[in-house]
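# Observations on the three-dimensional arrangement
Take a look at the letters that make up each chain.
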Amino acid sequence: MAKKSVIHRNKKRERMVARFASKRAALKKIIADPNVSEEEFYAAQGKLAKLPRNSSAVRLVRRCTLTGRPRATIRKFGLSRISFRE
C-alpha cells in the first residue's frame, strides 16, 4: 500500500492538470504556429513557463486504484498486476 500522502499528491496533480488544460493547450497552439511573430511566440513561451509545474500532464503517475502502487499497472483496468491477479 502506497503512502496516503503520495496518493493525495497525485490526485491534486490530476485536479491541477484538468484546471489548466485549456490554458496550456492554447499557449502550446500559439507556440506551434509558424505564422506567429517572435514577440507573441516568446510571450506565450513565458506564460507557459509561469504555469505551475504540476499542471503538466507528464507529471501524472498511473496508480492502482485499490493500493496506489505506481508500477506495473494495467491501464484497461486501473489495477496493479498484483491486485489484478487477486
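Coordinates for the structure precede this section.
Notes on the structure in this doc start here. None of these values were measured; they are calculated from a predicted model. (Residues numbered from 1 in each chain as written. Predicted model: local features only at pLDDT ≥ 70, side-chain atom pairs only at ≥ 80, totals over all residues. Heavy atoms only, no water.)

### Observations concerning a positive patch on the surface
Counted only if it meets this: To count toward a patch, a residue needs a relative accessible area above 30% and no salt bridge. Like charges then connect within 9 Å, nonpolar side chains (Val, Leu, Ile, Met, Phe, Trp, Tyr) within 5 Å. Accessible surface is estimated by sampling points in the Shrake-Rupley manner with a 1.4 Å probe; for residues, cover comes only from the protein chains shown. Salt bridge, as applied in this entry: a Lys or Arg side-chain nitrogen positioned within 4 Å of an Asp or Glu carboxyl oxygen. Positive charge is attributed to Lys and Arg, negative charge to Asp and Glu, and no charge count is given to His or to the chain ends. In plain terms, the charge of a residue is placed at NZ if it is Lys, CZ if Arg, CG if Asp and CD if Glu. Strands are runs of DSSP state E lasting at least two residues, helices are runs of H or I lasting at least four, and both sets are numbered from the N terminus onward.
Among the surface-exposed residues, Lys4, Lys11, Lys12, Arg15 and Arg19 lie close enough to one another that they form a single positively charged patch. Structurally, Lys12 can be placed in helix α1 (residues 4-32).

### So, the packing of α1 against helix α2 (residues 38-50)
Worth spelling out the cut-off: Helix axes are fitted only over the stretch in contact, all axes being lines through C-alpha atoms; the angle between N-to-C directions runs from 0 to 180 degrees. An angle counts as roughly parallel when it lies under 35 degrees, as roughly antiparallel when it exceeds 145, as roughly perpendicular when it falls between 65 and 115, and as oblique in every other case. In a left-handed crossing the near helix is turned counterclockwise from the far helix by less than a right angle, and in a right-handed crossing that turn is clockwise. Whether two residues are in contact is decided by their heavy atoms, any of which lying within 4.5 Å being enough. Note on residue categories: nonpolar means Ala, Val, Leu, Ile, Met, Phe, Trp, Tyr, Cys or Pro, charged means Asp, Glu, Lys or Arg, and polar means any other residue, Gly included.
Across the interface, α1 lies against α2 with an axial gap of 9 Å and an inter-helix angle of 150°. Between α1 and α2, the angle is such that the two are roughly antiparallel. The hand of the α1/α2 crossing is left-handed. Residue-level inspection shows Arg24, Leu27, Lys28, Ile30 and Ile31 of α1 in contact with α2, the latter providing Glu40, Phe41, Ala44, Gln45, Lys47 and Leu48. Classifying every residue of the contact of α1 with α2 gives six nonpolar, one polar and four charged.

As far as function goes, none of this settles anything; it's purely spatial.
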